[in-house]
Amino acid sequence: MCANMMKMPSNYVDMNEDELSYDGGSNWSQILSTVAITMVIGGLAIGLSAPLFSKALRPVIAGTGLSIFGLGAVTGVAAGITEDN
């Protein structure tokens, strides 16, 4: 929207209740859901890439992927709980 098209009120009395209200900004449920999805996909990608590494590193890489996947699942549950409340 062009700045010239917006008309600012001369004082707050000219603003209605909707214009004065503030919705609180971010939604924690959406943020947690995004983090959970990213962690689950990232954990799977890291875990499934373990065979590409040397035999000594495979368990470490697979364990790291599994940990990230698990934390993503827990974050997803937290996002669901936050959304319900």
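Because the structure is a prediction, the values reported are computed rather than measured.

Moving on, we get to a nonpolar patch on the surface. Among the surface-exposed residues, Leu52, Phe53, Leu57 and Val60 lie close enough to one another that they form a single nonpolar patch of about 400 Å² accessible area. The residue Leu52 is located in the loop between helix H2 (28–48) and helix H3 (58–84) in this model. Owing to a relative accessible area of 74%, Leu52 belongs among the exposed residues under this scheme.

Before going further, it helps to spend a moment on H2. Residues three or four positions apart in an α-helix share a direction because the helix packs 3.6 residues into each turn. With 21 residues, H2 ought to run about 30 Å at 1.5 Å a step, and its terminal C-alpha atoms sit 30 Å apart, in line with that. Ser29, Ala36 and Gly43 are the residues of H2 that are buried. What you see down the axis of H2 is that its buried residues fit within an arc of 60°, all on one side. Those residues of H2 that are exposed and angled more than 90 degrees off the buried face are Gln30, Ile37, Thr38 and Ile41.

This part covers the side chain of Thr75. Tracing the backbone shows Thr75 in helix H3. For Thr75, the contacting residues outside a window of four places in its chain are Leu32, Val35, Ala36 and Met39.

The next point concerns the confidence of the model for the chain. Overall, the prediction assigns the chain a mean pLDDT of 82, with 72% of residues at 70 or greater. Within the chain, the element-level pLDDT minimum falls on helix H1 (residues 17–20), averaging 70, and the maximum on H2, averaging 91.

What counts and what doesn't
Residues numbered from 1 in each chain as written. Predicted model: local features only at pLDDT ≥ 70, side-chain atom pairs only at ≥ 80, totals over all residues. Heavy atoms only, no water. Patch = residues over 30% accessible without salt bridge, like charges linked within 9 Å, V, L, I, M, F, W, Y side chains within 5 Å. Areas by Shrake-Rupley, 256 points an atom, 1.4 Å probe, with all protein chains shown as cover. Salt bridge = Lys/Arg side-chain N within 4 Å of Asp/Glu carboxyl O. Helix = DSSP H or I, 4+ residues; strand = E, 2+ residues; numbered from the N terminus. Buried < 20%, exposed > 50% of the residue type's maximum accessible area, 1.4 Å probe, protein only. Expected span 1.5 Å × (residues − 1). Arc of directions from axis to C-beta. Contact = heavy atoms within 4.5 Å. pLDDT = per-residue confidence, 0-100.

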